[in-house]
Amino acid sequence: MFLRRPPALAAWLAGAAAAGRAGARGGGLLALLANQCRFVTGLRVRRAQQIAQLYGRLYSESSRRVLLGCLWRRLRGRPGHASAVMAALAGVFVWDEERIQEEELQRSIDEMKRLEEMSHMFQRSGVERHPPEPKSQREGNEDSGGKEQPWEMVMDKKHFKLWRRPITGTHLYQYRVFGTYTDVTPRQFFNVQLDTEYRKKWDALVIKLEVIERDVVSGSEVLHWVTHFPYPMYSRDYVYVRRYSVDQENNVMVLVSRAVEHPSVPESPEFVRVRSYESQMVIRPHKSFDENGFDYLLTYSDNPQTVFPRYCVSWMVSSGMPDFLEKLHMATLKAKNMEIKVKDYISSKPLETSSEAKATTPSSERKNEGSCGPARIEYA
């Protein structure tokens, strides 16, 4: 049984054949070779589409994920990375490549520990600046070819400090905020960050925010977030994978996010897709998760795809990030004082949440998102 040739592909093949005939009439050997290459490429593209359509009929979405995961692992590292093409054709998201690993979470926690240790040392000496990187870490960065720039203080307030440093090889900056709140609990602050439905109420810049898919292995989640940008810029949309962890034994919480591509969220002409961004938030309670007082460390970078000069983008981020953190703080206070119901993400582990999501289809997952939808924490 043959599959119908897509109109766009048929038109492309017809054009290629016509070009090939014209070249052949010219008698050029190069034209004949080009014609042959077009013919072979067209056949392979057509065959790939036929395979994708066939497997789409034979297998359910979950079965296709398992099949593509196996093929991805077998073909990974081979020339051309054919598995990536197969995943795109089948329209599935390959978690083996995109999930956030334990090592990424631990790196953020280790950075918080290092900053705490160095901050205590500088406080005792009366010096107020960002702790330098340990010599061993600087040497490691230089050896790997990723020599990093020193941090520059941008803002020094009573409850937080903001630094930035240039990202090597780009016109962008990486930002870091180290701050303290004493009037809300770590649990309340953490939960407010993660609740998508509540975020839509307190953040007026949100246009759309929903969970796309969850991973049962790591608890990682893919989210789609659309947000207003200052006039006259277009709104931006982010597709990102996010994972959080609560370590009650070591009294620390961490949330890591980074941009990904997902087949169910293609780029829209209505928004500007932000394809490069990373964020790490670490929260350290002063006492416990349910007592007021904690320190936090937020490290953030993205490329908002603007045409403005570097200093304009830096000003927008430097002012926007503290503004977002204060809105997040006020939303936490409001939820606490008015007893607004916010999902407790510390009690429900990410793996348990993702297991529930697995039992639902993508459409029903988004419809029921209000009861258990996590959100990203970035400034908007």
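Above this text sits the structure in question.
Presented here is an overview of the structure given in this document. As the structure is a prediction and not an experimental result, all values here were calculated from the model. (Residues numbered from 1 in each chain as written. Predicted model: local features only at pLDDT ≥ 70, side-chain atom pairs only at ≥ 80, totals over all residues. Heavy atoms only, no water.)

Across its full length, the chain carries 12 helices and 10 strands. Across the 380 residues of the chain, 45% fall into the buried class. In the chain, of all internal contacts separated by at least 6 residues, the share reaching a separation of at least 24 is 63%. Surface summary for the chain: the accessible area is close to 20600 Å², and the carbon and sulfur share equals 55%. (Helix = DSSP H or I, 4+ residues; strand = E, 2+ residues; numbered from the N terminus. Buried < 20%, exposed > 50% of the residue type's maximum accessible area, 1.4 Å probe, protein only. Contact = heavy atoms within 4.5 Å. Areas by Shrake-Rupley, 256 points an atom, 1.4 Å probe, with all protein chains shown as cover.)

Within a regular strand, the side chains alternate between the two sheet faces. Bridge count for strand E1 (residues 152-156) against strand E2 (residues 160-166) is 4 bridges, and the pairing is antiparallel. Paired with glutamate 152 across the strands is arginine 164, a residue of E2. Remark: 3 residues form the turn of the hairpin made by E1 and E2, two consecutive strands paired antiparallel. (Pairing = 2+ DSSP bridges.)

Moving on to the nonpolar core. With 46 residues, the main nonpolar core has Tyr296, Met321 and Leu325 as its most contacted residues. When residues in this core are grouped by element, the largest group, 9 residues, is from helix H10 (residues 310-337). Beyond its immediate sequence surroundings of up to four residues, leucine 325 is in contact with Val177, Tyr181, Met281, Tyr296 and Leu298. Counting residues in hydrophobic clusters, the runner-up holds 21 residues, among them Leu115, Trp163, Val265 and Val282. (Core = buried A, V, L, I, M, F, W, Y, C linked by side-chain atoms within 4.5 Å.)

Taken across its 9 residues, helix H8 (residues 186-194) has 8 buried, putting it largely inside the fold. Three or more residues of H8 are buried, namely Pro186, Arg187, Phe189, Phe190, Asn191, Val192, Gln193 and Leu194.

The next point concerns the packing of aromatic side chains. The final tally for this structure, using the stated rule, is 14 aromatic pairs. Between tryptophan 202 and phenylalanine 324 the ring centres are 5.8 Å apart and the planes differ by 40°, which places this aromatic pair in the tilted class. In this pair, tryptophan 202 sits in helix H9 (residues 196-202) while phenylalanine 324 sits in helix H10, placing the two residues 122 residues apart along the sequence. We note that tryptophan 202, like phenylalanine 324, is buried. Between tyrosine 238 and tyrosine 277, the ring centres sit 5.5 Å apart and the planes meet at 90°, which makes this aromatic pair edge-to-face. Taken together, the residues tyrosine 238 in strand E6 (residues 236-247) and tyrosine 277 in strand E9 (residues 277-285) connect sequence positions 39 residues apart. (Phe/Tyr/Trp six-rings, centres within 6.5 Å; stacked < 30°, edge-to-face > 60°.)

Right, let's talk about the pattern of salt bridges for a bit. Applying the stated criterion across every chain yields a total of 21 salt bridges. Put simply, lysine 161 and aspartate 156 hold a salt bridge, and the shortest N to O gap is 2.6 Å. By relative accessible area, aspartate 156 is classed as partly exposed at 40%. A network of salt bridges, in which partner residues are shared, links Asp96, Arg99 and Asp215. (Salt bridge = Lys/Arg side-chain N within 4 Å of Asp/Glu carboxyl O.)

So, on to H10. Compared with the 40 Å implied by 1.5 Å per residue over 28 residues, the 41 Å span of H10 between its first and last C-alpha is a close match. Following H10 by one or two positions, glutamate 339 has its phi on the positive side, about 55°. (Expected span 1.5 Å × (residues − 1).)

The topology assignment puts arginine 236 in strand E6. One buried charged residue, arginine 236, forms no salt bridge at all, with the nearest opposite charge on aspartate 302 at 7.9 Å. Here proline 304 takes part through its backbone oxygen, which lies 2.9 Å from a polar atom of the side chain of arginine 236. At 3.0 Å, the side chain of arginine 236 forms a polar contact with the backbone oxygen of glutamine 305. Setting aside residues no more than four positions away along its own chain, arginine 236 makes contact with Trp225, Val226, Thr227, Phe229, Phe271, Val272, Val274, Pro304, Gln305 and Thr306. (Lys, Arg positive; Asp, Glu negative; His and termini not counted. Polar contact = N/O pair within 3.5 Å; in protein donor to acceptor, adjacent residues only side chain to side chain.)

Let us look at the pairing of E2. Across the 7 residues that make up E2, a large majority, 6, are buried. Bridge count between E2 and strand E3 (residues 173-181): 7 bridges; the pairing is antiparallel. Pairing of phenylalanine 160 across the sheet is with glycine 179, part of E3. The turn joining E2 and E3, which pair antiparallel and follow one another in sequence, is formed by 6 residues; a positive phi near 85° is taken by glycine 169.

The next subject is the packing of H8 against H10. Two elements in contact, H8 and H10, have axes whose closest approach is 9 Å; the angle formed by their N-to-C orientations is 110°. With respect to H10, the element H8 is oriented roughly perpendicular. Here H8 and H10 pass one another in a crossing that is right-handed. The residues of H10 that touch H8, namely those facing Gln188, Phe189, Val192 and Gln193, are Leu328, His329, Ala331, Thr332, Ala335 and Lys336. Grouping the constituent residues of the contact of H8 with H10 by class yields 5 nonpolar, 4 polar and 1 charged. (Axes fitted to C-alpha atoms, helices over the stretch in contact; angles between N-to-C directions. Parallel < 35°, antiparallel > 145°, perpendicular 65-115°, else oblique. Left-handed = near helix turned anticlockwise from the far one by under 90°. Nonpolar A, V, L, I, M, F, W, Y, C, P; charged D, E, K, R; others polar.)

With that settled, the discussion passes to unusual backbone geometry. A cis amide bond links tyrosine 231 to the next residue, proline 232, at an omega of 10°. Checked against the element boundaries, proline 232 lands in the loop between strand E5 (221-227) and E6. Located in the positive-phi region is asparagine 251, a residue other than glycine, with phi close to 60°. Assignment of secondary structure puts asparagine 251 in the loop between E6 and strand E7 (252-259). Relative accessible area serves as the criterion here: at 19%, asparagine 251 is assigned to the buried category. Within the chain, glutamine 305 stands out as a residue other than glycine whose phi angle is a positive 60°. Looking at the element boundaries, glutamine 305 is found in the loop between strand E10 (294-302) and H10.

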